Amino acid sequence: MTTTDRTTDGTSVGAAAAAGQYLIGGELPVHRMGFGAMRLPSAHWDGPAHDPDRGIAVLRRAVELGVNHIDTAAFYFYEDIAANDLIRKALHPYPDDLVIATKVGPGRFPDGSWMNPADPAELRAAVHRNLRELGRDHLDLVYLRFLRTDGPGEDRFATLAALREEGLIRHLGVSSATPGQFAEAQEIAPVAAVQNRYSPLTREHAELVDLCAARDIAYVPYFPFGGAGAPDLSALRRVADRHGATPAQVTLAWLLAVSPTTLAIPGTSSPAHLEENVAAAALRLGAEDLADLAELAGPV
């Protein structure tokens, strides 16, 4: 299915639905094939800029294809093009079943350089900024995004937990978190999702993936292709050829196969690439495929 229909309760069905459904926090349904908005303003932090009209078209097509989980952040911008602005222009008023996840923690200066990690007051301001930019009265899922220089989350995650109690945030997550930061956050408030790097080539968080599966916590891998597209490796090509698929589609199918709680959020500014990514929701890998792809893993 390449177009979207609507069920009697108004929820979407489409190509993205082929990956199955997951309940974030045990109650917020999303299709396991979603969309990441980071690439909409630009392919890289330092440009060049992408066409904002094409970004709007990609977002609208993603929803037509049944995507109902979009991942964004206020720091996804290049010059005057911002992912949050494109999402609002493309999709507001939002479909009832659309879940928008965002991240707070770091900020970026207008020149694109990173600020220091946000303190509690700055986190509150960042949440309100996302609310304004997205045109929402609450945020479905907010991650505390750690940087490599960050220590424990401490009062920063507690700040987000307080905003959750105030009704401005529905569910909380952590991003780029160490196991210790994840455990600390869990002591403060329920963690509904973890967004860390993970791919067939980058599996250092394999234990955290398994832990999230055991606790029914969403694991949302970013940079599923290592940040630069699916690698051209023999095992990946072998599986792709077996299924008449592309290496990128096999990579996404692998992410969905390794755990029942993984959610894919591949990003693109290309309509054709979007169609290819979402089509991977229907790709099912067998034992032989997974054994072949195990060859790609380095030490974990």
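Residues numbered from 1 in each chain as written. Predicted model: local features only at pLDDT ≥ 70, side-chain atom pairs only at ≥ 80, totals over all residues. Heavy atoms only, no water.

Running from N to C, helix α2 (residues 83-91) and helix α3 (residues 120-134) cross one another at 35°; their axes reach a closest spacing of 8 Å. Contact residues: Asn84, Asp85, Ile87 and Arg88 in α2; Asn130, Arg132, Glu133 and Leu134 in α3. When grouped by side-chain class, the residues that make up the contact of α2 with α3 number 2 nonpolar, 2 polar and 4 charged. (Axes fitted to C-alpha atoms, helices over the stretch in contact; angles between N-to-C directions. Helix = DSSP H or I, 4+ residues; strand = E, 2+ residues; numbered from the N terminus. Contact = heavy atoms within 4.5 Å. Nonpolar A, V, L, I, M, F, W, Y, C, P; charged D, E, K, R; others polar.)

Glancing now at the confidence of the model for the protein chain. Here the protein chain averages 90 in pLDDT, while 90% of its residues score no lower than 70. Note that residues 1-12 has pLDDT below 50 and, in this model, 29 contacts with residues that lie over four places away or in other chains. (pLDDT = per-residue confidence, 0-100.)

For the rest of this paragraph, the subject is the packing of helix α7 (residues 234-243) against helix α8 (residues 247-258). Interhelical geometry of α7 versus α8 gives an angle of 95° and a closest axis separation of 8 Å. Classified by the interaxial angle, the pair formed by α7 and α8 is roughly perpendicular. Contacts between α7 and α8 involve Leu236, Val239 and Ala240 on the former and, on the latter, Pro247, Val250 and Thr251. In terms of residue class, the contact of α7 with α8 is made up of 5 nonpolar, 1 polar and no charged. (Parallel < 35°, antiparallel > 145°, perpendicular 65-115°, else oblique.)

Below, the discussion takes up the packing of aromatic side chains. Using the criterion set out here, one finds 7 aromatic pairs in the structure. Taken together, a centroid distance of 6.3 Å and an interplanar angle of 45° make the contact between Trp45 and Tyr76 tilted. You can see Trp45 sitting in the loop between β5 (35-36) and α1 (52-64) and its partner Tyr76 sitting in the loop between β6 (69-71) and β7 (77-78), a full 31 residues away along the chain. A residue is classified by how much of its surface remains accessible, and Tyr76, at 6% relative accessible area, is buried. (Phe/Tyr/Trp six-rings, centres within 6.5 Å; stacked < 30°, edge-to-face > 60°. Buried < 20%, exposed > 50% of the residue type's maximum accessible area, 1.4 Å probe, protein only.)

What follows concerns helix α5 (residues 179-188). The complete set of buried residues in α5 reads Gln181, Phe182 and Ala185. Down the axis of α5, the smallest arc covering the buried residues is 100°, so these residues share one side. Facing away from the buried surface of α5 by more than 90 degrees, the exposed residues are Pro179 and Glu187. Contact partners of the buried residues in α5: α4 (155-165), β11 (169-175), β12 (193-195) and α6 (206-214). (Arc of directions from axis to C-beta.)

Another aspect to go through is the environment of Asp85. Note on placement: Asp85 falls in helix α2. Owing to a relative accessible area of 32%, Asp85 belongs among the partly exposed residues under this scheme. Distance in space between the C-alpha atoms of Asp85 and Ile56 is 9.6 Å, their sequence separation being 29 residues.

Next up on the list: the pairing of strand β9 (residues 99-104). Most of β9 sits inside the fold, with 6 of its 6 residues counted as buried. Residues Val99, Ala101 and Lys103 line one face of β9 and the alternating positions Ile100, Thr102 and Val104 line the opposite face, and both faces are buried. For β6 and β9, the ladder comprises 3 bridges, and the chain directions are parallel. If you follow Asp71 over to β9, its bridge partner there is Ala101. Two elements, β9 and strand β10 (residues 139-145), share 4 bridges in a ladder whose sense is parallel. Bridge pairing links Thr102 to Val142 in β10. You can see the chain leave β9, run along α3 and come back into β10, and the turn it takes is right-handed. (Pairing = 2+ DSSP bridges. Right-handed = clockwise from strand over helix to strand, strands pointing away.)

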